[in-house]
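If you want the building blocks of each chain, they are given just below.
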Amino acid sequence: MTGAQRREQLIDVARELFGRRGYGATSIEEIAAHAHVSKPVVYEHFGGKEGIHAVVVDREMQLLLGRFTAALSDPGHPRELLQRAALVLLEYIESDTDGFLVLTRDAPVTSGVGGYSSLIGEVARKVEHILGGHFGARGYDPRLAELYSQALVGMVALVGQWWLDTRTPDKRVVAAHLVNLAYNGLSHLDPSPDLLDGPRTD
């Protein structure tokens, strides 16, 4: 193998092991053994376990963020955009389970890699931009788009983590229910909501 090919092989092996076992339970020895190389080869390319983990996390973040960006870049009805975003995450969980586990599992405390929370924040910022335009056009305060984008993206992200273990119902059914809850709530949005002071009587 060339140096570049070996590096790619090590990243693939580490991605699978980090996804299956987590950061703490995976060792450089295991990565090297699965790649059929010596430990110094791994250290030469990445400096250590934290270094290769950071590369794997960064790649997964870029991969998933790219899919979200593509799904949200084409203009469309807010309901359609929400559906696209939900399906992007669920399809990623289904087809790239190891990558999703790498993003959502433990990471070294000293790591500068933000993982899943950073990724979700990036997606929320993209959704905020889209919502801001729709809010302004419909008479809602566009400054609240940030709050709503965090709520919508956070809902999809948490449901995705739940679905990772259950895998039922089918991803399209899950996406449909997410859209049903979120969009039907948005379509009847009160521009000036208030909390109830006492128990409801209606």
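Residues numbered from 1 in each chain as written. Predicted model: local features only at pLDDT ≥ 70, side-chain atom pairs only at ≥ 80, totals over all residues. Heavy atoms only, no water.

You'll find the protein entered in an unreviewed UniProt entry as Transcriptional regulator, TetR family, with Blastococcus aggregatus given as the organism.

## Notes on the overall build of the protein
Regarding its fold elements, the protein presents nine helices and zero strands. The secondary structure elements of the protein, listed N-terminal to C-terminal, are α-α-α-α-α-α-α-α-α. The C-alpha extent of the protein, read off along each of the three principal axes, is 70 × 35 × 30 Å. Sorting the 202 residues of the protein into buried and exposed places 42% on the buried side. With the model as given, the accessible surface of the protein reaches about 11,100 Å², and the carbon-plus-sulfur share is 54%. Within the protein, the 26 negative side-chain charges are centred at a point lying 4 Å from the centre of the 20 positive side-chain charges. (Helix = DSSP H or I, 4+ residues; strand = E, 2+ residues; numbered from the N terminus. Buried < 20%, exposed > 50% of the residue type's maximum accessible area, 1.4 Å probe, protein only. Areas by Shrake-Rupley, 256 points an atom, 1.4 Å probe, with all protein chains shown as cover. Lys, Arg positive; Asp, Glu negative; His and termini not counted. Charge placed at Lys NZ, Arg CZ, Asp CG, Glu CD.)

## Focus: the packing of aromatic side chains
Evaluation of the coordinates by the stated rule reveals five aromatic pairs. Aromatic pair Phe 100 and Tyr 116: ring centres 5.3 Å apart, planes at 85°, arrangement edge-to-face. In this pair, Phe 100 sits in helix H6 (residues 97-104) while Tyr 116 sits in helix H7 (residues 116-137), placing the two residues 16 residues apart along the sequence. By the burial criterion, Phe 100 is buried, and Tyr 116 matches it. Ring geometry for Phe 135 versus Tyr 140: centroids 5.6 Å apart, planes at 65°, classification edge-to-face. (Phe/Tyr/Trp six-rings, centres within 6.5 Å; stacked < 30°, edge-to-face > 60°.)

## Considering the nonpolar core
What tends to happen in soluble globular proteins is that the nonpolar side chains get buried as a cluster. By size, the foremost hydrophobic cluster in this structure holds 63 residues, and its most contacted members are Leu 10, Ile 31, Val 42, Leu 64, Leu 89, Leu 103 and Tyr 116. Broken down by element, this core gets its largest block of residues, 10 residues, from helix H5 (residues 78-95). If sequence neighbours within four positions are ignored, Leu 103 has contacts with Val 57, Glu 60, Met 61, Leu 64, Tyr 92, Gly 115, Tyr 116 and Leu 119. (Core = buried A, V, L, I, M, F, W, Y, C linked by side-chain atoms within 4.5 Å. Contact = heavy atoms within 4.5 Å.)

## Re the environment of Ile 93
Mapped onto the fold, Ile 93 is located in helix H5. Classification of Ile 93 by relative accessible area gives buried; the value is 0%. Residues Ile 93 and Ala 145 lie 52 residues apart in sequence; the distance between their C-alpha atoms is 27 Å. When residues no more than four places from it in sequence are discounted, the contact partners of Ile 93 are Phe 100, Gly 160, Trp 163, Leu 164 and Arg 167.

## What to know about the environment of Asp 170
Relative to the assigned elements, Asp 170 resides in the loop between helix H8 (145-166) and helix H9 (171-187). From its side chain, Asp 170 meets the backbone nitrogen of Arg 172 in a polar contact 2.9 Å long. (Polar contact = N/O pair within 3.5 Å; in protein donor to acceptor, adjacent residues only side chain to side chain.)

## What about the packing of H6 against H8?
At their nearest, the axes of H6 and H8 sit 12 Å apart, and the two run at 125° to each other. Between H6 and H8, the crossing angle belongs to the class labelled oblique. In the crossing of H6 with H8, the sense of the turn from one axis to the other is left-handed. Seen from H6, the contacting residues are Thr 97, Phe 100, Leu 101 and Thr 104; seen from H8, they are Gly 160, Gln 161 and Leu 164. Among the residues forming the contact of H6 with H8, the class breakdown is three nonpolar, four polar and no charged. (Axes fitted to C-alpha atoms, helices over the stretch in contact; angles between N-to-C directions. Parallel < 35°, antiparallel > 145°, perpendicular 65-115°, else oblique. Left-handed = near helix turned anticlockwise from the far one by under 90°. Nonpolar A, V, L, I, M, F, W, Y, C, P; charged D, E, K, R; others polar.)

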